[in-house]
Amino acid sequence: ATLGRNAGAGACSLRHMNTHVKNAIIESARATPDVEVCGLIYHTDNSVHSYPCVNRAPDPAEAFEIAPDDYVAARQLGRVCGVYHGGMTHTNEGFSEADLESANEIALPLYALCSKGTIATYVPPSYHVNPVGQSFVWGTFDCLETVRIHYRQTRGVYLTDYDRDESFVDADPDAIIRHIADEGFVRVPGNGPVVKDDVLL
């Protein structure tokens, strides 16, 4: 099937990530409800992981700060591809101006854990990835992420990052297909022309 994106559709908010990383962040927040958890996300050639960090902020209940040594340690394990912070009991449900400025400066996606257990995501315009030659990693460099990278970096369109990990194929393989229309795509007739930015399934 060929899918074309409806140019009039708006960008969706991003709320998901690799499922087991998301769950690890939530469990960390539940274990330390009085402080804001923070850490880094990194990937190896075949998997993605969270790297919990000690919150070095003067008031860790209200802010977060990650030491440079923690970044170096995570970088030795794999490629750092995100920063996370937040807590299950916090009232903050998004990003501060300082969050957004920091994400743009370090050119990495920022993930905020909200009180209802959802993950809000900000991908700064400064973050660029070359999908060519990347190893296949669920939720980090898989088929959906390749399409998301293309639309984000060439069209400024942010597609939803649906929950998925190694169990995705067995647990709910049609989840993404069910949401194609929600992302603004329309099915192109089989005899219709294929044009730039169409997706072939």
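Residues numbered from 1 in each chain as written. Predicted model: local features only at pLDDT ≥ 70, side-chain atom pairs only at ≥ 80, totals over all residues. Heavy atoms only, no water.

(A) Main features of the nonpolar core. By size, the foremost hydrophobic cluster in this structure holds 30 residues, and its most contacted members are Ile 25, Leu 40, Ile 41, Tyr 51, Tyr 84, Leu 113 and Tyr 127. Those elements that place two or more of their residues in this core are α1 (19–31), β2 (37–43), β3 (48–53), β4 (79–86) and β5 (110–113). When neighbours within four sequence positions are excluded, Leu 113 is seen to be in contact with Ile 25, Ile 26, Ala 29, His 85, Gly 86, Gly 87, Met 88, Thr 118 and Ile 119. Membership of the second largest hydrophobic core comes to 6 residues, among which are Tyr 151, Val 157, Phe 185 and Val 199. (Core = buried A, V, L, I, M, F, W, Y, C linked by side-chain atoms within 4.5 Å. Buried < 20%, exposed > 50% of the residue type's maximum accessible area, 1.4 Å probe, protein only. Helix = DSSP H or I, 4+ residues; strand = E, 2+ residues; numbered from the N terminus. Contact = heavy atoms within 4.5 Å.)

(B) Representation of the pattern of salt bridges. One pass over the full model with this rule turns up 3 salt bridges. The closest approach of N and O atoms between Arg 30 and Glu 27, which form a salt bridge, is 3.0 Å. Residue Arg 30 and its partner Glu 27 are both found in helix α1; the two are separated by 3 residues, about one turn of the helix. Using a relative accessible area of 51% as the deciding quantity, one classes Arg 30 as exposed. By relative accessible area, which is 46% here, Glu 27 ends up partly exposed. (Salt bridge = Lys/Arg side-chain N within 4 Å of Asp/Glu carboxyl O.)

(C) Here's a closer look at the packing of aromatic side chains. Using the criterion set out here, one finds 2 aromatic pairs in the structure. Between Phe 95 and Tyr 122, the aromatic rings sit 6.3 Å apart at their centres with planes inclined by 55°, giving tilted as the arrangement. Of the two residues, Phe 95 sits in the loop between β4 and α3 (97–106) while Tyr 122 sits in strand β6 (residues 119–122), which places them 27 residues apart along the sequence. Both rings, one in Tyr 151 and one in Phe 185, keep their centres 5.6 Å apart while their planes meet at 85°; by these two values the pair is edge-to-face. With a gap of 34 residues between them, Tyr 151 in helix α4 (residues 143–155) and Phe 185 in strand β7 (residues 185–188) connect regions that are remote in the sequence. Each member of the pair, Tyr 151 as well as Phe 185, carries the same accessibility label: buried. (Phe/Tyr/Trp six-rings, centres within 6.5 Å; stacked < 30°, edge-to-face > 60°.)

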